[in-house]
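Examination of the molecular architecture
Okay, here's what each chain looks like letter by letter:
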Amino acid sequence: MTARIGVVTFPGSLDDRDALRAVRLAGAEPVSLWHRDKDLRQVDAVVLPGGFSYGDYLRAGAISRFAPVMDTVVEQARSGMPVLGICNGFQVLTETHLLPGAMLRNNHLHFICRDQKLRVENAGTVWTADYAAGQDIHIPLKNIDGRYTADDRTLDELEATGRVVFRYLDGNPNGSLRDIAGIANEAGNVVGLMPHPEHAVEPLVGTGRTDGLGFFTSILKRLVHA
Amino acid sequence: MARVVVDVMLKPEILDPQGQAVQRALPRLGFAGIADVRQGKRFELEVEGPVDDATLAQINTMAETFLANTVIEDFTVRVEEVAHRGEAK
(Lines give C-alpha, C1' and ligand atoms only; values in the text may rest on other atoms or scores of the structure.)
Protein backbone atom coordinates (compact mmCIF):
# COMPACT_ATOMS: atom_id res chain seq x y z
CA MET A 1 0.00 0.00 0.00
CA THR A 2 1.31 3.40 -0.91
CA ALA A 3 1.73 6.16 1.66
CA ARG A 4 -1.05 8.70 2.05
CA ILE A 5 0.19 12.28 2.41
CA GLY A 6 -2.32 14.97 3.38
CA VAL A 7 -2.15 18.60 2.30
CA VAL A 8 -4.22 21.07 4.32
CA THR A 9 -6.14 23.79 2.50
CA PHE A 10 -6.87 26.87 4.60
CA PRO A 11 -8.82 29.82 3.22
CA GLY A 12 -6.02 31.73 1.50
CA SER A 13 -3.73 28.76 0.83
CA LEU A 14 -2.17 29.13 -2.62
CA ASP A 15 0.25 26.27 -3.05
CA ASP A 16 -1.88 23.37 -1.88
CA ARG A 17 -2.39 22.11 -5.44
CA ASP A 18 1.33 22.26 -6.16
CA ALA A 19 2.01 20.33 -2.95
CA LEU A 20 -0.58 17.67 -3.88
CA ARG A 21 1.02 17.41 -7.31
CA ALA A 22 4.50 17.05 -5.83
CA VAL A 23 3.24 14.28 -3.56
CA ARG A 24 1.78 12.46 -6.57
CA LEU A 25 4.92 12.90 -8.69
CA ALA A 26 6.96 11.40 -5.85
CA GLY A 27 4.74 8.32 -5.97
CA ALA A 28 2.57 8.81 -2.88
CA GLU A 29 -1.19 9.16 -2.65
CA PRO A 30 -2.14 12.83 -2.19
CA VAL A 31 -5.05 13.50 0.18
CA SER A 32 -6.76 16.91 0.39
CA LEU A 33 -7.53 18.03 3.93
CA TRP A 34 -9.83 20.92 4.81
CA HIS A 35 -9.08 23.47 7.54
CA ARG A 36 -12.42 22.88 9.24
CA ASP A 37 -12.07 19.09 9.51
CA LYS A 38 -10.73 17.51 12.66
CA ASP A 39 -10.26 14.17 10.92
CA LEU A 40 -6.99 13.61 9.05
CA ARG A 41 -8.41 10.71 6.98
CA GLN A 42 -5.72 8.23 8.01
CA VAL A 43 -2.87 10.07 6.34
CA ASP A 44 0.69 9.06 7.19
CA ALA A 45 2.10 12.59 6.97
CA VAL A 46 0.87 16.16 6.53
CA VAL A 47 2.09 19.10 4.45
CA LEU A 48 1.05 22.63 5.47
CA PRO A 49 1.35 24.53 2.19
CA GLY A 50 2.32 28.06 1.25
CA GLY A 51 -0.02 30.98 0.74
CA PHE A 52 -1.72 33.52 2.98
CA SER A 53 -3.97 31.49 5.25
CA TYR A 54 -6.85 33.58 6.61
CA GLY A 55 -5.30 36.50 4.73
CA ASP A 56 -2.36 36.54 7.16
CA TYR A 57 -4.47 38.95 9.22
CA LEU A 58 -3.05 39.64 12.69
CA ARG A 59 0.24 37.79 11.95
CA ALA A 60 1.18 35.23 9.30
CA GLY A 61 -0.13 31.86 10.45
CA ALA A 62 -1.66 33.20 13.68
CA ILE A 63 -5.31 32.51 12.88
CA SER A 64 -4.61 29.14 11.21
CA ARG A 65 -3.21 27.95 14.48
CA PHE A 66 -6.79 27.84 15.77
CA ALA A 67 -8.25 25.98 12.76
CA PRO A 68 -9.95 22.73 13.84
CA VAL A 69 -7.62 20.66 11.63
CA MET A 70 -4.61 22.04 13.49
CA ASP A 71 -5.75 20.57 16.83
CA THR A 72 -5.37 17.13 15.30
CA VAL A 73 -2.18 17.98 13.37
CA VAL A 74 -0.51 19.29 16.55
CA GLU A 75 -1.62 16.28 18.57
CA GLN A 76 -0.42 13.79 15.92
CA ALA A 77 2.82 15.69 15.31
CA ARG A 78 3.58 15.46 19.02
CA SER A 79 3.19 11.68 18.79
CA GLY A 80 5.57 11.48 15.84
CA MET A 81 3.60 12.02 12.63
CA PRO A 82 5.79 13.71 10.00
CA VAL A 83 4.73 17.29 9.22
CA LEU A 84 6.29 19.62 6.64
CA GLY A 85 5.48 23.33 6.74
CA ILE A 86 6.36 25.30 3.63
CA CYS A 87 6.45 29.12 3.82
CA ASN A 88 3.04 29.99 5.30
CA GLY A 89 3.06 26.42 6.65
CA PHE A 90 6.35 27.19 8.43
CA GLN A 91 4.75 30.33 9.88
CA VAL A 92 1.83 28.21 11.12
CA LEU A 93 4.26 25.76 12.74
CA THR A 94 6.00 28.53 14.71
CA GLU A 95 2.64 30.00 15.76
CA THR A 96 1.53 26.57 17.07
CA HIS A 97 4.91 26.27 18.85
CA LEU A 98 5.59 22.94 17.15
CA LEU A 99 8.74 24.75 16.01
CA PRO A 100 10.52 27.37 18.14
CA GLY A 101 10.99 31.02 17.24
CA ALA A 102 8.80 33.32 15.17
CA MET A 103 8.53 34.80 11.71
CA LEU A 104 8.75 38.53 11.08
CA ARG A 105 8.41 40.96 8.18
CA ASN A 106 11.46 40.85 5.87
CA ASN A 107 14.13 43.30 7.04
CA HIS A 108 13.94 45.25 3.75
CA LEU A 109 10.10 45.27 3.84
CA HIS A 110 9.80 43.99 0.26
CA PHE A 111 8.06 40.89 -1.03
CA ILE A 112 10.80 38.79 -2.55
CA CYS A 113 10.46 36.20 -5.30
CA ARG A 114 13.53 34.48 -6.70
CA ASP A 115 15.38 31.22 -7.18
CA GLN A 116 17.16 30.63 -3.92
CA LYS A 117 20.27 28.61 -3.28
CA LEU A 118 20.18 26.63 -0.03
CA ARG A 119 22.48 24.30 1.80
CA VAL A 120 20.95 21.16 3.23
CA GLU A 121 22.56 21.19 6.69
CA ASN A 122 20.78 18.13 8.01
CA ALA A 123 19.96 15.18 5.76
CA GLY A 124 18.84 13.12 8.74
CA THR A 125 15.23 14.30 8.98
CA VAL A 126 12.34 12.34 7.50
CA TRP A 127 11.88 15.09 4.91
CA THR A 128 15.54 15.40 3.83
CA ALA A 129 16.85 11.82 3.79
CA ASP A 130 17.21 11.81 -0.03
CA TYR A 131 19.67 14.71 0.14
CA ALA A 132 23.27 14.65 1.32
CA ALA A 133 24.42 16.80 4.23
CA GLY A 134 26.18 19.85 2.78
CA GLN A 135 24.41 19.54 -0.57
CA ASP A 136 23.39 22.78 -2.31
CA ILE A 137 19.93 22.95 -3.87
CA HIS A 138 18.04 25.64 -5.79
CA ILE A 139 14.35 26.11 -5.12
CA PRO A 140 12.01 29.10 -5.47
CA LEU A 141 11.47 31.52 -2.59
CA LYS A 142 8.58 33.99 -2.35
CA ASN A 143 7.52 35.74 0.82
CA ILE A 144 7.30 38.99 2.76
CA ASP A 145 7.28 37.52 6.27
CA GLY A 146 10.33 35.29 6.05
CA ARG A 147 12.66 36.71 8.70
CA TYR A 148 13.22 33.85 11.11
CA THR A 149 13.85 35.05 14.67
CA ALA A 150 14.51 33.38 17.99
CA ASP A 151 16.49 34.30 21.09
CA ASP A 152 20.19 33.46 21.23
CA ARG A 153 19.69 30.54 23.56
CA THR A 154 17.20 28.92 21.17
CA LEU A 155 19.44 29.60 18.16
CA ASP A 156 22.46 28.09 19.93
CA GLU A 157 20.43 25.04 20.85
CA LEU A 158 19.15 24.64 17.27
CA GLU A 159 22.72 24.81 15.96
CA ALA A 160 24.15 22.47 18.60
CA THR A 161 21.51 19.80 18.02
CA GLY A 162 21.57 19.87 14.21
CA ARG A 163 18.10 21.33 14.01
CA VAL A 164 19.07 24.03 11.51
CA VAL A 165 18.06 21.98 8.47
CA PHE A 166 18.55 24.58 5.69
CA ARG A 167 20.59 27.73 5.40
CA TYR A 168 20.47 30.47 2.75
CA LEU A 169 23.46 30.67 0.43
CA ASP A 170 24.55 33.55 -1.83
CA GLY A 171 22.73 36.22 0.15
CA ASN A 172 20.20 36.21 2.91
CA PRO A 173 16.86 37.18 1.31
CA ASN A 174 15.00 38.41 4.39
CA GLY A 175 17.30 39.08 7.34
CA SER A 176 16.66 35.68 8.88
CA LEU A 177 18.94 35.20 11.90
CA ARG A 178 22.06 33.12 11.21
CA ASP A 179 20.86 32.68 7.60
CA ILE A 180 18.33 30.09 8.75
CA ALA A 181 15.96 28.96 5.99
CA GLY A 182 14.47 25.94 7.75
CA ILE A 183 14.49 24.10 11.06
CA ALA A 184 13.25 20.89 12.66
CA ASN A 185 11.70 20.07 16.02
CA GLU A 186 13.53 18.09 18.66
CA ALA A 187 12.18 14.72 17.51
CA GLY A 188 12.99 15.54 13.86
CA ASN A 189 9.53 14.70 12.49
CA VAL A 190 8.42 18.32 12.08
CA VAL A 191 10.30 20.44 9.53
CA GLY A 192 9.56 23.97 8.36
CA LEU A 193 11.23 26.07 5.67
CA MET A 194 10.52 29.31 3.84
CA PRO A 195 11.48 28.36 0.24
CA HIS A 196 9.16 26.20 -1.86
CA PRO A 197 10.32 22.69 -2.81
CA GLU A 198 6.89 21.91 -4.30
CA HIS A 199 7.61 24.47 -7.07
CA ALA A 200 10.73 22.62 -8.19
CA VAL A 201 9.54 19.12 -8.98
CA GLU A 202 9.28 19.25 -12.78
CA PRO A 203 11.94 20.45 -15.25
CA LEU A 204 9.43 22.46 -17.27
CA VAL A 205 8.54 24.98 -14.55
CA GLY A 206 10.04 26.91 -11.66
CA THR A 207 13.81 26.81 -11.52
CA GLY A 208 13.95 24.29 -14.35
CA ARG A 209 15.44 21.89 -11.85
CA THR A 210 13.79 19.22 -9.77
CA ASP A 211 15.73 19.90 -6.57
CA GLY A 212 12.53 20.00 -4.52
CA LEU A 213 11.35 16.51 -5.32
CA GLY A 214 13.70 15.02 -2.72
CA PHE A 215 11.45 16.25 0.10
CA PHE A 216 8.57 14.16 -1.13
CA THR A 217 10.60 11.09 -2.06
CA SER A 218 12.40 11.26 1.32
CA ILE A 219 9.18 11.05 3.29
CA LEU A 220 7.79 8.41 0.99
CA LYS A 221 10.76 6.14 1.58
CA ARG A 222 10.49 6.60 5.31
CA LEU A 223 6.79 5.76 5.31
CA VAL A 224 7.05 2.77 2.99
CA HIS A 225 9.99 1.29 4.90
CA ALA A 226 8.66 2.14 8.35
CA MET B 1 -20.33 49.19 26.72
CA ALA B 2 -16.83 49.46 28.03
CA ARG B 3 -13.62 49.52 26.07
CA VAL B 4 -10.47 47.59 26.79
CA VAL B 5 -7.35 48.49 24.85
CA VAL B 6 -4.62 45.96 24.13
CA ASP B 7 -1.37 47.45 22.87
CA VAL B 8 1.09 45.07 21.22
CA MET B 9 4.69 46.07 20.60
CA LEU B 10 7.67 44.19 19.24
CA LYS B 11 10.09 43.41 22.06
CA PRO B 12 12.87 46.02 22.34
CA GLU B 13 15.54 43.61 21.09
CA ILE B 14 13.61 42.72 17.91
CA LEU B 15 14.52 44.67 14.78
CA ASP B 16 11.56 46.79 13.61
CA PRO B 17 12.21 47.74 9.97
CA GLN B 18 8.77 49.35 9.65
CA GLY B 19 9.51 51.72 12.51
CA GLN B 20 12.93 52.42 11.03
CA ALA B 21 11.45 53.25 7.64
CA VAL B 22 9.11 55.75 9.28
CA GLN B 23 11.94 57.25 11.31
CA ARG B 24 14.12 57.65 8.22
CA ALA B 25 11.34 59.51 6.42
CA LEU B 26 10.87 62.09 9.19
CA PRO B 27 13.79 64.47 8.45
CA ARG B 28 12.81 64.48 4.79
CA LEU B 29 9.34 65.63 5.82
CA GLY B 30 10.73 68.36 8.02
CA PHE B 31 10.26 66.67 11.41
CA ALA B 32 13.51 66.94 13.30
CA GLY B 33 14.76 65.48 16.53
CA ILE B 34 13.11 62.03 16.53
CA ALA B 35 15.80 59.55 17.52
CA ASP B 36 13.82 56.34 17.06
CA VAL B 37 10.39 55.07 16.00
CA ARG B 38 8.84 51.72 16.77
CA GLN B 39 5.55 50.64 15.27
CA GLY B 40 3.01 48.53 17.15
CA LYS B 41 -0.59 47.41 17.05
CA ARG B 42 -3.56 48.61 19.07
CA PHE B 43 -6.68 46.51 19.57
CA GLU B 44 -9.83 48.17 20.89
CA LEU B 45 -12.19 45.62 22.40
CA GLU B 46 -15.76 46.75 23.02
CA VAL B 47 -16.88 44.61 25.94
CA GLU B 48 -20.48 43.64 26.61
CA GLY B 49 -21.29 44.04 30.29
CA PRO B 50 -18.97 45.10 33.08
CA VAL B 51 -15.19 44.93 32.84
CA ASP B 52 -14.55 42.92 35.99
CA ASP B 53 -11.60 40.80 37.01
CA ALA B 54 -12.93 37.75 35.16
CA THR B 55 -13.28 39.73 31.92
CA LEU B 56 -9.81 41.20 32.27
CA ALA B 57 -8.36 37.76 32.99
CA GLN B 58 -10.01 36.47 29.84
CA ILE B 59 -8.66 39.37 27.78
CA ASN B 60 -5.19 38.77 29.21
CA THR B 61 -5.36 35.16 28.06
CA MET B 62 -6.61 36.32 24.65
CA ALA B 63 -3.72 38.76 24.34
CA GLU B 64 -1.17 36.21 25.44
CA THR B 65 -2.30 33.38 23.16
CA PHE B 66 -3.67 35.21 20.14
CA LEU B 67 -3.35 38.98 19.84
CA ALA B 68 0.36 38.94 20.64
CA ASN B 69 3.02 36.37 19.87
CA THR B 70 5.00 36.52 23.09
CA VAL B 71 8.07 35.06 21.39
CA ILE B 72 8.54 38.43 19.68
CA GLU B 73 6.00 40.82 21.19
CA ASP B 74 5.04 42.41 24.53
CA PHE B 75 1.52 43.56 25.31
CA THR B 76 -0.36 45.75 27.79
CA VAL B 77 -4.04 45.64 28.68
CA ARG B 78 -5.94 48.65 30.02
CA VAL B 79 -9.52 49.79 30.45
CA GLU B 80 -10.34 53.00 28.62
CA GLU B 81 -12.96 55.55 29.63
CA VAL B 82 -15.53 55.83 26.87
CA ALA B 83 -17.35 59.14 26.54
CA HIS B 84 -21.11 58.81 27.11
CA ARG B 85 -23.44 59.53 24.25
CA GLY B 86 -24.29 63.21 24.03
CA GLU B 87 -21.23 64.36 25.87
CA ALA B 88 -19.06 66.95 24.25
CA LYS B 89 -15.92 65.58 22.67
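Whatever comes next refers back to the structure up there.
None of the values given here were measured: they were computed from a predicted structure. (Residues numbered from 1 in each chain as written. Chains lettered and ligands numbered in written order. Predicted model: local features only at pLDDT ≥ 70, side-chain atom pairs only at ≥ 80, totals over all residues. Heavy atoms only, no water.)

Scanning chain B from terminus to terminus reveals 2 helices and 3 strands. Listed by position from the N terminus, the elements making up chain B come as β-α-β-α-β. Considered along the principal axes of its C-alpha atoms, chain B spans approximately 45 × 40 × 15 Å. Here chain B, with 89 residues, has 29% of them falling under the buried criterion. Here the analysis covers contacts within chain B between residues at least 6 apart in sequence; of these, 71% occur between residues at least 24 apart. Side chains of chain B give 10 positive and 15 negative charges; the mean places of these two sets differ by 9 Å. (Helix = DSSP H or I, 4+ residues; strand = E, 2+ residues; numbered from the N terminus. Buried < 20%, exposed > 50% of the residue type's maximum accessible area, 1.4 Å probe, protein only. Contact = heavy atoms within 4.5 Å. Lys, Arg positive; Asp, Glu negative; His and termini not counted. Charge placed at Lys NZ, Arg CZ, Asp CG, Glu CD.)

Moving on: a nonpolar patch on the surface. Residues and elements named next belong to chain A. Together, Leu-14, Phe-52 and Phe-111 give the surface a local cluster of nonpolar side chains, amounting to about 290 Å² of exposed area. Positionally, Phe-52 belongs in the loop between β3 (45-48) and α2 (68-78). What makes Phe-52 partly exposed here is its relative accessible area of 33%. (Patch = residues over 30% accessible without salt bridge, like charges linked within 9 Å, V, L, I, M, F, W, Y side chains within 5 Å. Areas by Shrake-Rupley, 256 points an atom, 1.4 Å probe, with all protein chains shown as cover. Salt bridge = Lys/Arg side-chain N within 4 Å of Asp/Glu carboxyl O.)

A few words now on helix α3 (residues 88-95) of chain A. Residues and elements named next belong to chain A. Across the 8 residues that make up α3, a large majority, 8, are buried. Three or more residues of α3 are buried, namely Asn-88, Gly-89, Phe-90, Gln-91, Val-92, Leu-93, Thr-94 and Glu-95. His-97, located one to two residues past α3, shows a positive phi value of around 70°.

Residues and elements named next belong to chain B. With antiparallel pairing, the 3 strands of this open sheet are ordered in space as β2-β1-β3. The open sheet has two free edges, formed respectively by β2 (41-47) and β3 (73-80), since each of these has just one partner strand. Strand after strand, the sheet turns through a mean of 20° between neighbouring axes, direction not considered. Pairing geometry for strand β1 (residues 2-10) and β2, over 7 bridges, is antiparallel. Across the sheet, Arg-3 pairs through a bridge with Glu-46, a residue of β2. Strands in contact with helix α2 (residues 53-67) are β1, β2 and β3; relative to β3, the strand with the most contacts, it is inclined by about 155°. (Pairing = 2+ DSSP bridges. Axes fitted to C-alpha atoms, helices over the stretch in contact; angles between N-to-C directions.)

In this section: the sheet that holds β3 of chain A. Two strands in a sheet stick together by hydrogen bonds in their backbones, pointing the same way (parallel) or opposite ways (antiparallel). All names here are of chain A. Strands sit in the order β2-β1-β3-β4-β11-β10-β9-β6-β7 across an open sheet of 9 strands; the sheet is mixed. Looking at which strands have only one partner, the edges of the open sheet turn out to be β2 (29-34) and β7 (136-143). The average undirected angle you get between the axes of adjacent strands in this sheet is 25°. Across 3 bridges, strand β10 (residues 180-184) lies against strand β11 (residues 190-193) in antiparallel orientation. The partner of Gly-182 across the bridge, within β11, is Leu-193.

Residue and element names in this part refer to chain A. Going through the model one piece at a time under the given rule, you end up with 26 salt bridges over all chains. Taking the shortest distance from any N to any O, the salt bridge between Asp-136 and Lys-117 comes out at 4.0 Å. Highlighted residues: Asp-136 in strand β7 and Lys-117 in strand β6 (residues 112-120), separated in sequence by 19 residues. On the accessibility criterion, Asp-136 (30% relative accessible area) is partly exposed.

Of note, Asn-107 of chain A is situated in the loop between β5 (102-104) and β6. It is 9.0 Å that separates the C-alpha atoms of Asn-107 of chain A and Asp-145 of chain A, two residues lying 38 residues apart in sequence. In contact with Asn-107 of chain A, other than residues within four places in its own chain, are Arg-147, Asn-174 and Gly-175 of chain A together with Leu-15 and Pro-17 of chain B.

Attention now moves to the layout of surface pockets. When its volume is computed, the largest pocket comes out at roughly 420 Å³. Per-element accounting of the lining of the largest pocket gives the leading share, 3 residues, to β1 of chain B. A breakdown of the residues in the lining of the largest pocket according to their chemical character gives 10 nonpolar, 3 polar and 9 charged. Its boundaries defined by the atoms lining it, the second largest pocket holds a volume of some 270 Å³. What lines the second largest pocket is a set of 16 residues, among which Thr-149, Ala-150 and Asp-151 of chain A together with Ile-14 and Val-71 of chain B lie closest to the centre. (1 Å grid on protein atoms, 1.4 Å probe; cavity = no way out; pocket = protein on both sides within 12 Å on 5 of 7 lines; lining within 4 Å. Points joined across faces, edges and corners; volume = space filled by probe spheres on them. Nonpolar A, V, L, I, M, F, W, Y, C, P; charged D, E, K, R; others polar.)

Attention now moves to the interface of chain B and chain A. Contact residues are listed per partner, giving 16 residues for chain B and 18 residues for chain A. Taken together, both faces of the contact between chain B and chain A bury some 1300 Å²; the carbon and sulfur share is 66%. On the chain B side of the interface with chain A, the three residues burying the most area are Pro-17, Phe-66 and Asn-69 of chain B, jointly 37% of the side's total. Remark: the boundary between chain B and chain A carries 1 salt bridge. (Buried area = accessible area lost by both parts, 1.4 Å probe.)

Before going further, it helps to examine α2 of chain B. Residue and element names in this part refer to chain B. Every buried residue of α2 is accounted for by Thr-55, Ile-59, Ala-63 and Leu-67. Burial along α2 is one-sided: seen end-on, the buried residues are contained in an arc of 80°. In α2, the exposed positions that point more than 90 degrees away from the buried face belong to Asp-53, Ala-54 and Gln-58. Contact partners of the buried residues in α2: β1, β2 and β3. (Arc of directions from axis to C-beta.)

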